[in-house]
Amino acid sequence: MTQTTTETKKKGFSLASLMAILLLVAVVLAVFGFMGKNDALKANTDLTAQVEELTTNLDTANGTIETLTADLETANGSLTTLTADLETAQGTIDTLTANLETAQGTIDTLTADLETANGAVDTLTADLETANGAVDTLTADLETAQGTIDTLTADLETANGSLTTLTADLETANGAVDTLTADLETANETITLLQEELDALKDAPAAVPAANP
């Protein structure tokens, strides 16, 4: 539409210029009719110079119009491109705005989760301190127990040595007991025999004393 308006203005300007030229020609003819030949020639020369100047100005104006028309078309193309770019940018802005809102929601959720996690960390830190105290106590108890174990181990080694000695003594004593048992059995058998002989003597008649001569 802009191009059509420009072409119409261009045609109108050219027609007006043509009418001005025709008017000048008519004036020239009128001058020839009422003036002398010399004056008419002078007037014709002046009018021709004016016509040439007007023609030059008209050509210059037409060139300017063509340049401005081309510049306007270029500007219109740039405007169309910029309008499309603006629409694209606006769509991008809308998308980024929606993404930002989503990201902000995610940030809020993560912030709440972080606060919860920090609370859990504080609780676990307190529990860890308590556990470390218990570990220290148990470590001290373990060291005490280890000392007791070392003492008992030494006592056990001493007791084992005594046990070994006592075992050997017991074996020796058992040997002596076995010997004494055998001797006791032999003595018992001897006692039994002697008791039988004694009993036999008790049961025998008394002997008659021999007569004196």
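Computed from a predicted model, the values in this text were never measured in an experiment. (Residues numbered from 1 in each chain as written. Predicted model: local features only at pLDDT ≥ 70, side-chain atom pairs only at ≥ 80, totals over all residues. Heavy atoms only, no water.)

Student: When you look at the overall build of the protein in this model, what are you seeing that I'm missing?
Tutor: Regarding its fold elements, the protein presents 2 helices and 0 strands. Accessible surface, the protein as shown: approximately 17,000 Å² in total, 65% of it carbon and sulfur. (Helix = DSSP H or I, 4+ residues; strand = E, 2+ residues; numbered from the N terminus. Areas by Shrake-Rupley, 256 points an atom, 1.4 Å probe, with all protein chains shown as cover.)

Student: Hey, could you run me through the side chain of Thr 69 in this one?
Tutor: With respect to the element layout, Thr 69 can be found in helix H2 (residues 37-203). Engagement of the side chain of Thr 69 in a polar contact is seen with the backbone oxygen of Ile 65, the distance being 2.6 Å. (Polar contact = N/O pair within 3.5 Å; in protein donor to acceptor, adjacent residues only side chain to side chain.)

Student: What is the right way to read the confidence of the model for the protein from this model?
Tutor: Detailed reading of the predicted coordinates is not advisable wherever pLDDT is low. Per-residue confidence for the protein averages 83 on the pLDDT scale, and 80% of its residues sit at or above 70. Low pLDDT, under 50, characterises residues 1-12; the predicted model gives this stretch 9 contacts beyond four residues in sequence or across chains. (pLDDT = per-residue confidence, 0-100. Contact = heavy atoms within 4.5 Å.)

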